[in-house]
Amino acid sequence: MEVVNAVTMAHHFIHPKLSTANLVIDATAGNGYDTLFLAENTPKKTTIVSFDIQAEALAKTEILLSKHSLLYKVRLILDSHANIANYINQPIDAAMFNLGYLPGGNHLVSTSPDTTLQAMTNILQCLKTKGLITIAAYPGYEHGRVECQTVHEYLTNLNQKAFTVGCWSMVNQKNNPPVLYIIQKNKEWTA
Ligand SMILES: C[S@@+](CC[C@H](N)C(=O)[O-])C[C@H]1O[C@@H](n2cnc3c(N)ncnc32)[C@H](O)[C@@H]1O
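These numbers were taken from a predicted model, which means no experiment stands behind them.

Each value, and the rule that gives it
Each chain carries its own residue numbering, running from 1 in the direction its sequence is written. Side-chain atom pairs in this predicted model are given and counted only at pLDDT of 80 or more, local residue features only at pLDDT of at least 70, and totals for whole chains, interfaces and linings cover all residues. Side-chain measures here rest on the full set of heavy atoms in the structure, leaving out hydrogens and waters. For this purpose, a residue is taken to be near a molecule or strand whenever a single non-hydrogen atom of the residue falls within 4 Å of it. Here a polar contact means two N or O atoms within 3.5 Å. Within protein one must be a hydrogen donor candidate and the other an acceptor candidate, and residues neighboring in sequence count only if both atoms are side-chain atoms. For the accessible areas, the method is Shrake-Rupley and the probe is 1.4 Å, while residue cover comes only from the protein chains on display. A cavity here means a set of points on a 1 Å grid, drawn over the protein atoms and nothing else, where a 1.4 Å probe fits but cannot get out; a pocket is an open set with protein on both sides within 12 Å along at least five of seven lines, and a residue lines either one if it has an atom within 4 Å of a point. If over half the atoms of a molecule are within 2 Å of the grid points of a cavity or pocket, the molecule is regarded as sitting in it. Each helix corresponds to a stretch of at least 4 residues labelled H or I by DSSP, and each strand to a stretch of at least 2 residues labelled E; elements are numbered beginning at the N terminus. In the scheme used here, Gly and all other residues not listed as nonpolar or charged are polar, with Ala, Val, Leu, Ile, Met, Phe, Trp, Tyr, Cys and Pro taken as nonpolar and Asp, Glu, Lys and Arg as charged. Nonpolar cores are built from buried Ala, Val, Leu, Ile, Met, Phe, Trp, Tyr and Cys residues. Side-chain atoms within 4.5 Å join them into one set. The classification of residues rests on relative accessible area computed with a 1.4 Å probe and restricted to protein chains. Under 20% of the type maximum is buried, over 50% is exposed, and intermediate values are partly exposed. Grid points are joined across faces, edges and corners, and a volume is the space filled by probe spheres set on the points. Think of it this way: a Phe, Tyr or Trp ring, Trp meaning its six-membered ring, pairs with another when their centres are within 6.5 Å, and the plane angle makes it stacked under 30 degrees, edge-to-face over 60, tilted otherwise. Strands are treated as partners if at least two bridges between them are detected by DSSP. By definition, the crossover connecting two strands over a helix is right-handed if that path, from the first strand to the second, turns clockwise as seen with the strands pointing away from the viewer.

Asker: Explain the site of the ligand here, please?
Answerer: In the vicinity of the ligand there are 23 residues, among which Thr28, Asn31, Asp34, Asp52 and Gln54 approach most closely. At a separation of 2.6 Å, an oxygen atom of the ligand approaches a polar side-chain atom of aspartate 52. If the ligand stood free it would expose 610 Å²; the protein chains cover 95% of that surface. More than half of the atoms of the ligand fall within 2 Å of the grid points belonging to the largest pocket. Counting only elements with at least two residues in the shell around the ligand, the list comes to α2 (33-40) and β2 (47-52). Here the shell around the ligand is built from residues that sort into nine nonpolar, 12 polar and two charged.

Laid out in structure tokens, this is it:
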């Protein structure tokens, strides 16, 4: 791992789940780097389903995956991750959320606490036992701070027998550095 940050740590935690995965989710496609990571590290048969509410983001993801000849395993969905139940009815091996706005895009179009919690709840229900979710949150600006706090409170109250929840951040970085949440499912659970 060259650079240590919330995104590379998310890749580090999720990587061991990928070699046997059938279905993985990128809940926030953005510029496509996480989708590419998932596509590069899963078997040929794996499906990666990537959501974004911006056509611009999915277009960037499509170009990036095409360049790497990996688009064949990716399903791009132009809709909120909150509506995931309309698209997926199979068990999920792993999922990634990289919250916030599209880097280089409109900063006012961002993930929001309500839809993030809805998507998380849906994915936690469909997650396989031993499946993993990572959530990179950005409390360094006001909207991101509120969203991070909402996610933190939700995860703090998750049933501890059903889930193991960890949290990673850089303790010597000033100005509210990104926070990575790592959630592993231990047994069947309904919200
Ligand atoms: C920080 S970026 C994601 C970065 C991306 N994973 C990458 O590797 O480049 C956050 C993305 O979430 C998208 N987004 C915001 N709200 C969303 C929602 N409700 N459902 C799905 N995507 C959403 C934004 O449009 C933006 O592209």
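Asker: In this structure, what is going on with the nonpolar core? I would like to understand it.
Answerer: Grouped burial of nonpolar side chains is what soluble globular proteins tend to show. Counting residues in each nonpolar core, the largest one holds 32 residues, and the members touching the most others are Ile25, Phe97, Ile133, Ile135 and Leu155. Secondary-structure elements contributing two or more residues to this core are β1 (23-26), β2, β4 (92-98), α4 (113-126), β5 (127-137), α5 (142-156) and β7 (179-185). In terms of residue count, the dominant contributor to this core is α4 (five residues). One finds Ala39, Leu64, Leu65 and Trp168 within the second-largest nonpolar core, a separate group that totals 23 residues.

Asker: I'm lost on α2 in this one. Help?
Answerer: An α-helical turn contains 3.6 residues, so a residue and the one three or four places further along point in the same direction. Burial runs high along α2: six of the eight residues are buried. Those residues of α2 lying buried are Asp34, Thr35, Leu36, Phe37, Leu38 and Ala39.

Asker: How should empty space enclosed by the protein be read in this particular structure?
Answerer: Empty space among the atoms becomes apparent when a probe as large as a water molecule is rolled across them. Scanning all chains against the criterion turns up one cavity of 30 Å³ or more. Estimates place the volume of the largest cavity at around 40 Å³. Every residue along the wall of the largest cavity is listed here: Val7, Ala10, Asp34, Met96, Phe97, Asn98, Thr134, Ile135, Ala136 and Leu180. When its residues are assigned to classes, the lining of the largest cavity shows seven nonpolar, two polar and one charged.

Asker: What should I look at first to understand the packing of aromatic side chains in this one?
Answerer: Each aromatic ring pair is characterised by the separation of its centres together with the angle its planes make. A complete count under the given rule lists three aromatic pairs for this structure. Note on phenylalanine 51 and tyrosine 87: the rings are 5.8 Å apart at their centroids and 75° apart in plane angle, and the pair reads as edge-to-face. Here phenylalanine 51, found in strand β2, pairs with tyrosine 87, found in the loop between β3 (74-78) and β4; they are 36 residues apart in sequence, far enough to count as distant. Classification of tyrosine 87 by relative accessible area gives partly exposed; the value is 29%. Ring geometry for tyrosine 101 against tyrosine 141: centres 5.6 Å apart, planes inclined by 65°, an arrangement best described as edge-to-face. Linking tyrosine 101 in the loop between β4 and α4 with tyrosine 141 in the loop between β5 and α5, this pair joins segments that are 40 residues apart in sequence. Assessed through its relative accessible area of 28%, tyrosine 141 is described here as partly exposed.

Asker: I'm lost on the pairing of β1 in this one. Help?
Answerer: Every regular strand shows the same layout, with side chains that alternate between the two sheet faces. Burial along β1 is two-sided: Leu23 and Ile25 facing one way and Val24 and Asp26 facing the other are all buried. Both β1 and β2 contribute to a ladder of four bridges, which runs parallel. Residue pairing for β2: leucine 23 is matched across the bridge by threonine 47. Assessed by its sense of winding, the connection that carries the chain from β1 through α2 to β2 is right-handed.

Asker: Teacher, can you tell me more about the environment of tyrosine 33 here?
Answerer: The topology assignment puts tyrosine 33 in helix α2. By relative accessible area, which is 57% here, tyrosine 33 ends up exposed. C-alpha of tyrosine 33 to C-alpha of leucine 158: the two residues are 125 residues apart in sequence and 29 Å apart in space.

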